[in-house]
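# Architecture at a glance
Here is what each chain is made of, one letter per residue.
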Amino acid sequence: MKSAKVAGLLLAAGEGARLGTPKALVEYAGERLVDRGVRLLEEGGCHPVVVVLGAATVQVRGAVTVRNPGWASGMGSSLRVGLAALPPEAEAVVVALVDQPFIRPGAVRALIASGAGLAVATYGGRRRNPVLIAREHFARVAELAEGDVGARPFMKAHPELVSEVPCDEHGDPADIDTPQDLRLLEPHLESQ
């Protein structure tokens, strides 16, 4: 994928039920998480960036937005909507989640530089996000994405295709799900 045209896909459709507000609207360091996610993908080398929205409708500069009418069914439907919205010239996509504000662009660059057709970032040896998916896998990934899971069923069914890319030096994959998790933002602000 090194010379391929790689798009970015930010999944930001959820209502943030446990958080009490859609995660896309949460601010961190004076920036909404949705804008931070777009910047992560852009600075990581993705173009264009597509954002899947659902519970909240927001204007997002520098990105193409698409609405997932079935957002309440979970992340799988948002991944399907996002993959379908990618331009035909995109040979691959890096998929990121809006609720992981501590991941840095180096993780996206590392996935792209891996040259793999299916790559997943690891932290401490555990698979997390973001994930890179080559176009040849889009249809099957979309077919298997159900409920609150994205590309994981496809990766589980085809372990021989998956490249793990260590990204420990490129941030922290902690996600923001509850009001208590918002307190995690404070120490990270101090270290920025």
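Structural data are supplied above this passage.
If you're wondering where the values come from, they're calculated on a predicted model, not measured in any experiment. (Residues numbered from 1 in each chain as written. Predicted model: local features only at pLDDT ≥ 70, side-chain atom pairs only at ≥ 80, totals over all residues. Heavy atoms only, no water.)

Position of K23 among the secondary structure elements: in the loop between β1 (6-12) and β2 (27-28). Classification of K23 by relative accessible area gives buried; the value is 16%. At 2.8 Å, the side chain of K23 forms a polar contact with the side chain of D99. Polar contacts involving the side chain of K23 include one to the main-chain carbonyl oxygen of I176, which spans 3.3 Å. Dropping the residues within four chain positions of it, K23 is found in contact with G14, G16, L33, V98, D99, I176 and D177. (Helix = DSSP H or I, 4+ residues; strand = E, 2+ residues; numbered from the N terminus. Buried < 20%, exposed > 50% of the residue type's maximum accessible area, 1.4 Å probe, protein only. Polar contact = N/O pair within 3.5 Å; in protein donor to acceptor, adjacent residues only side chain to side chain. Contact = heavy atoms within 4.5 Å.)

Our next topic: unusual backbone geometry. The omega torsion of the bond from H47 to P48 falls at -5°, within 30 degrees of zero and hence cis. Positive phi, close to 55°, is recorded for A29, a residue that is not glycine. In this fold, A29 is placed in the loop between β2 and β3 (31-32).

Turning our attention to the side chain of N129. For N129, the position within the fold is in strand β8 (residues 126-134). Residue classification places N129 among the buried positions, given a relative accessible area of 19%. Those residues within four positions of N129 in sequence are excluded, and the remaining contacts are V95, L97, Q100, I103, A121 and Y123.

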